[in-house]
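# Descriptive analysis of the structure
Residue strings, one per chain:
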Amino acid sequence: MLKMKVLAVDDEAGMRSGIERILSGYKLVIPDVDDEVLFEVDTAESAEEALEKIHAKVPDLLLLDYKMPGMTGLELLEKIESVENKDDMLTIMITAYASLDTAVSAIKSGAFDFLSKPFTPKELKNKVDKAAHSLILSKQVRKLNEERKQVRFQFISVLGHELKSPLSAVEGYINMIKDRTLGGDLSAYDTMIERCLVRSEQMNKLIMDILELTKIESGRRKREFVPLRLADEARMSMDSALPDAEKRNIAMRLDCEPELVACFDRDEVQMLLNNLITNAVKYNREGGSVDVRIRRDGTEIVFEVQDTGIGLSKEETARLFGEFVRIKNKKTSGILGSGIGLSTVKKIAQMNGGDATVESTPDVGSTFTVRMAEQQPTLLEEPTQ
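Here we summarise the structure given alongside this text. Please read all numbers here as calculations on a predicted model, not as lab measurements. (Residues numbered from 1 in each chain as written. Predicted model: local features only at pLDDT ≥ 70, side-chain atom pairs only at ≥ 80, totals over all residues. Heavy atoms only, no water.)

## Concerning the overall build of the chain
Of the regular secondary structure elements, the chain holds ten helices and 13 strands. When burial is assessed residue by residue, the chain has 43% of its 385 residues classed as buried. A separation threshold of at least 6 residues defines the contact pool for the chain, and within that pool the share at least 24 residues apart is 69%. When the accessible surface of the chain is split by element, carbon and sulfur atoms take 52% of a total near 21400 Å². (Helix = DSSP H or I, 4+ residues; strand = E, 2+ residues; numbered from the N terminus. Buried < 20%, exposed > 50% of the residue type's maximum accessible area, 1.4 Å probe, protein only. Contact = heavy atoms within 4.5 Å. Areas by Shrake-Rupley, 256 points an atom, 1.4 Å probe, with all protein chains shown as cover.)

## Overview of a nonpolar patch on the surface
A surface patch of nonpolar side chains, about 260 Å² in accessible area, is lined by Ile207, Met208 and Leu211. Of note, leucine 211 is situated in helix H6 (residues 190-218). Its relative accessible area of 43% is what places leucine 211 among the partly exposed residues. (Patch = residues over 30% accessible without salt bridge, like charges linked within 9 Å, V, L, I, M, F, W, Y side chains within 5 Å. Salt bridge = Lys/Arg side-chain N within 4 Å of Asp/Glu carboxyl O.)

## Points about the pairing of strand S7 (residues 225-229)
The element S7 is extensively covered by neighbouring structure, given that five of its five residues are classed as buried. Residues Phe225, Pro227 and Arg229 of S7 are buried on one face, and the alternating residues Val226 and Leu228, pointing to the opposite face, are buried as well. Bridging between S7 and strand S9 (residues 261-265) involves five bridges; their strand directions are antiparallel. From the neighbouring strand, proline 227 faces S9, where its bridge partner is cysteine 263. (Pairing = 2+ DSSP bridges.)

## A few points about the packing of helix H7 (residues 230-247) against helix H8 (residues 266-282)
At a closest axis distance of 9 Å, the pairing of H7 and H8 adopts a crossing angle of 30 degrees. It follows from the interaxial angle that H7 and H8 lie roughly parallel. As H7 runs across H8, the sense of the crossing is right-handed. In this structure, H7 uses Glu233, Ala234, Met236, Ser237, Met238, Ala241, Asp244 and Ala245 to contact H8, whose residues at the interface are Arg266, Val269, Gln270, Leu273, Asn274, Ile277 and Val281. (Axes fitted to C-alpha atoms, helices over the stretch in contact; angles between N-to-C directions. Parallel < 35°, antiparallel > 145°, perpendicular 65-115°, else oblique. Left-handed = near helix turned anticlockwise from the far one by under 90°.)

## Some details on H8
For H8, spanning 17 residues, the distance from its first C-alpha to its last is 24 Å, which sits close to the expected 24 Å at 1.5 Å a residue. Counting buried residues in H8 gives twelve out of 17 residues, a clear majority hidden from the surface. Restricting attention to buried positions, one finds in H8 the residues Glu268, Val269, Gln270, Met271, Leu272, Leu273, Asn275, Leu276, Ile277, Asn279, Ala280 and Val281. Of the residues flanking the start of H8, the one acting as N-cap is aspartate 265, its side-chain oxygen 3.0 Å from the backbone nitrogen of aspartate 267. (Expected span 1.5 Å × (residues − 1). Polar contact = N/O pair within 3.5 Å; in protein donor to acceptor, adjacent residues only side chain to side chain.)

## Quick word on the sheet that holds strand S10 (residues 289-297)
Spatially, five strands are ordered S8-S10-S11-S13-S12 in an open sheet, and the strand pairing comes out mixed. Sheet topology places strand S8 (251-255) and strand S12 (355-361) at the edges, where each strand pairs with a single neighbour. Ignoring which end each strand starts from, the neighbouring axes of this sheet average 10 degrees apart. Both S8 and S10 contribute to a ladder of five bridges, which runs parallel. Bridge pairing links arginine 253 to aspartate 291 in S10.

## Section: the pattern of salt bridges
Across all of its chains, the model carries 22 salt bridges by this definition. In this structure, aspartate 291 engages arginine 253 in a salt bridge whose closest nitrogen and oxygen atoms are separated by 2.8 Å. One end of the pair, aspartate 291, is in strand S10; the other, arginine 253, is in strand S8, with 38 residues separating them in the sequence. Here aspartate 291 falls in the buried class, since its relative accessible area comes to 16%. What makes arginine 253 partly exposed here is its relative accessible area of 43%. Connected through shared salt-bridge partners, Asp10, Glu12, Asp65 and Lys117 make up one network.

## Some points on the packing of H8 against helix H10 (residues 341-351)
It is the contact of H8 with H10, at a shortest axis distance of 9 Å, that shows an interaxial angle of 140 degrees. Remark: the crossing between H8 and H10 carries left-handed chirality. Of the residues in H10, those touching H8 at Glu268, Met271, Leu272, Asn275, Leu276 and Asn279 are Gly341, Leu342, Thr344, Val345, Ile348 and Met351. Partitioned by chemical class, the residues of the contact of H8 with H10 number seven nonpolar, four polar and one charged. (Nonpolar A, V, L, I, M, F, W, Y, C, P; charged D, E, K, R; others polar.)

## Details of the environment of alanine 318
As for its position among the elements, alanine 318 is in helix H9 (residues 314-319). Each C-alpha atom, one on alanine 318 and one on threonine 357, is 9.7 Å from the other, the two residues being 39 residues apart in sequence.

This is the structure:
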C-alpha cells in the first residue's frame, strides 16, 4: 500500500473541505505496479501558507488555486522552483477563470495538469489518478536508473579487480624477461612465459564469459532449439576437461541413456555442461572423481554433476550462483576463475523453465543439479550426431 500526500491550496474553505472529503479514504489501484494508493490530504488557505508547508515537506501532489488574495498560484509555482526535491511533486492548477491562455501559463510555469471550477468528484479523481500514475511511474524510472548505475559501477569495479591481478603478474614477468633477470639463457625464462600464458588464458576466459553472459541477458542471442543426444553432448564437454582431469588422476564417469534425446539450444547445453564439469575437475582433489548423470523426469531433463572435491559450507552455497561470486578461502586461493560460470548456468536453467541448485559438504564434495523443461523444436530435423 502506497501513501501519497496531497496539499490542497485554496482561499475558499468550502473548496478545501470538499477536496479533502473526496480524496480522504479514496483508494487508487495502479495496475502497472500492482499496488494501491491511499491519499493523505493537507490544506492551506493561501499561497504563503502553502509555501511554508512545501519548504517543511514537499507533497506528492499540489492542488493549487490559480487566483488567490496575495500571492497567486502562478507566483507560488515560481517560488518553489528553488525548493529541494520539487521534481518529486506534481501540480494540478485549479481555477474558475478557465481559458486557453490560463492553461498555457500554468503549464509553462510547471503545472502538470489543469482543472476548471466547478468540478465534480469524478473529474477531480480522474485528474488525481492521472497525476498519481505519472508520478509513481517516474519515481520507478528514477529508481531503476539509480539501480542500473549501481550495477554498472559494481560490474566495472569487479571487472577491474579481476583483470588487475593477472595483468600485474604478466607485466612483472615481462619486465623480468626484459631485464634478463635470470641471465642470457632463454630457456631459463620458460616458466615465466608459461605463467604469462596461463594468466592470459584467464583474462581471455573472463572476457568470453562476460560476452556470453551479456548475450544471454540481453536476449539478442539467437536461440535455436533442436533435438540433441544428450550423452553425446556430455561426452564433448568431458573430453574438453579430460586433459586437466588426467593431470590430477581424476576419474570421470557418465550415466546417461545413449538414446536420451531432448530439444534444447545446443550452445546453452554446452555452456551449462562445460561450466559444471570444468568446475567439478578444477575444485576436486587429487585422485578424485566426477560423475555426470543425465535423465528425464517427466517433461524435465535433469543434469547432475557430482564431485569429490573441497566442498562448500551452507553460507558459501547461498552465495554461489551470484554474478562475479568466487568463494575465496585457503582451499581455493590457487584456483583461477572468473566468478561468472555458475551465474550463467543458473540463467540458462531459468531461461529453459528450470533452476540450478547445489548440495555440498566441506571436504566431501558437491552435487550440482540443473532441471530444465524440454523446449519445442525451432527446426524439424533428426537428432544431431
